[in-house]
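Structural features, examined
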Amino acid sequence: MRKVIIAGNWKMHKTRAEALEMLQTFLNQLYETPEDREVVICAPFTTLDTLSKALHGTRVMLGAQNVHWDAEGAYTGEVSAPMLTELNVRYVVIGHSERRQYFGETDTTVNLRLKAAQKYGLIPILCVGESKQQRDVGEAEEVITEQLEEGLLGVDQDNLVIAYEPIWAIGTGETCGSEEANRITALIRSQLKNPEVPILYGGSVKPGNIDEIIAQPDIDGALVGGASLAPGDFTRIVNYQA
Ligand code: 13P
């Protein structure tokens, strides 16, 4: 039985005060959420300490949005795995398309970050997905296969989550059709050594489409951007109707 994970990716949103305000409402609404669903919030570095305390004793797991491959060193602007685990961070998003697109992340650095995360006991959420242009010329499968091949070299698949995030569906309101998302998810699964790895879908997941997405047999959860910022929307998403 694969684990169901609903993870919010707050990206570069929320000060500490805003994060606490969101949680106050969100946590109070979680009583209806079935226990077997893992709920995760991947928050900006500056909020992690505050959120770690606020989430202590709750069922919500804390996640970060990136991690460096060394434990320490002269890497201005980076954060290491021991810095995250000290704050009880459990998950970390790696290789998000925004990091690949704006910050020069490559499959090689993604691979280094994945291995470092696992070495220190973090569960990486590896993001893969194609651009609109790559999809239009029929390269989606090839792009994803390459991201997996290079990204997962030497990575332990017993301690891993993958998110399929088609770039053209991120923040655009244009969701990938659920059957197509399931087809790509199944393709990803067919390339893994461990078929039990949870595979999430991400890209314009909203209260109005989560039920249909999660109903797909190969999709084990969601990585939610914009709709994870508002407590009402995110509650409806974690309370999806199976
Ligand atoms: P949106 O849900 O805002 O489309 O973002 C998806 C995403 O990038 C999650 O990592």
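Relevant structure appears above.
Definitions and cut-offs
Residues numbered from 1 in each chain as written. Predicted model: local features only at pLDDT ≥ 70, side-chain atom pairs only at ≥ 80, totals over all residues. Heavy atoms only, no water. Disulfide = S-S within 2.5 Å. Buried < 20%, exposed > 50% of the residue type's maximum accessible area, 1.4 Å probe, protein only. Near = heavy atom within 4 Å. Polar contact = N/O pair within 3.5 Å; in protein donor to acceptor, adjacent residues only side chain to side chain. Areas by Shrake-Rupley, 256 points an atom, 1.4 Å probe, with all protein chains shown as cover. Core = buried A, V, L, I, M, F, W, Y, C linked by side-chain atoms within 4.5 Å. Helix = DSSP H or I, 4+ residues; strand = E, 2+ residues; numbered from the N terminus. Contact = heavy atoms within 4.5 Å. Pairing = 2+ DSSP bridges. Right-handed = clockwise from strand over helix to strand, strands pointing away.

In this section: the state of the cysteines. The tally for this structure, following the rule as stated, stands at zero disulfides. In this structure Cys127 is a free cysteine whose sulfur lies 8.8 Å from that of Cys42, the closest cysteine sulfur available. Residue Cys127 is classed as buried on the basis of its relative accessible area of 2%.

With that settled, consider the site of the ligand. In the neighbourhood of the ligand, the contacting residues comprise Asn9, Lys11, His96, Glu165, Ala169, Ile170, Gly171, Gly203, Ser204, Leu223, Gly225 and Gly226. Between an oxygen atom of the ligand and a side-chain N or O atom of His96, the distance comes to 2.8 Å. Taking Gly226, its main chain carries an N or O atom lying 2.8 Å from an oxygen atom of the ligand. In isolation the ligand offers 310 Å² of accessible surface; the protein chains occlude 96% of this area.

Attention now goes to the nonpolar core. Looking at soluble globular proteins, one finds that nonpolar side chains tend to be buried together. Core analysis: the biggest nonpolar cluster contains 60 residues, and Phe26, Ile162 and Phe234 have the highest contact counts within it. In terms of residues, this core owes the most to one element, helix H1 (residues 16–28), which gives four residues. Every residue in contact with Phe234, bar those within four places of it in the chain, is listed here: Ile6, Ala7, Gly8, Met22, Phe26, Val39, Val40, Ile41, Val224, Ala227 and Ser228. Core analysis: the next-biggest nonpolar cluster, separate from the first, contains 13 residues, Val40, Ile123, Cys127 and Leu200 among them.

Moving on, we come to the pairing of strand E1 (residues 4–9). Within E1, six of the six residues are buried, which leaves the element mostly enclosed by the surrounding structure. Side chains of E1 alternate between two faces, with Val4, Ile6 and Gly8 and Ile5, Ala7 and Asn9 buried alike. For E1 and strand E2 (residues 37–42), the ladder comprises six bridges, and the chain directions are parallel. Residue pairing in the sheet places Gly8 in a bridge with Ile41 of E2. A crossover links E1 with its parallel partner E2, the connecting element being H1, and its sense is right-handed. Pairing of E1 with strand E8 (residues 221–224), which is carried by four bridges, proceeds in the parallel orientation. Across the sheet, Ile6 pairs through a bridge with Ala222, a residue of E8.

None of the figures reported here should be taken as evidence of function without further support.
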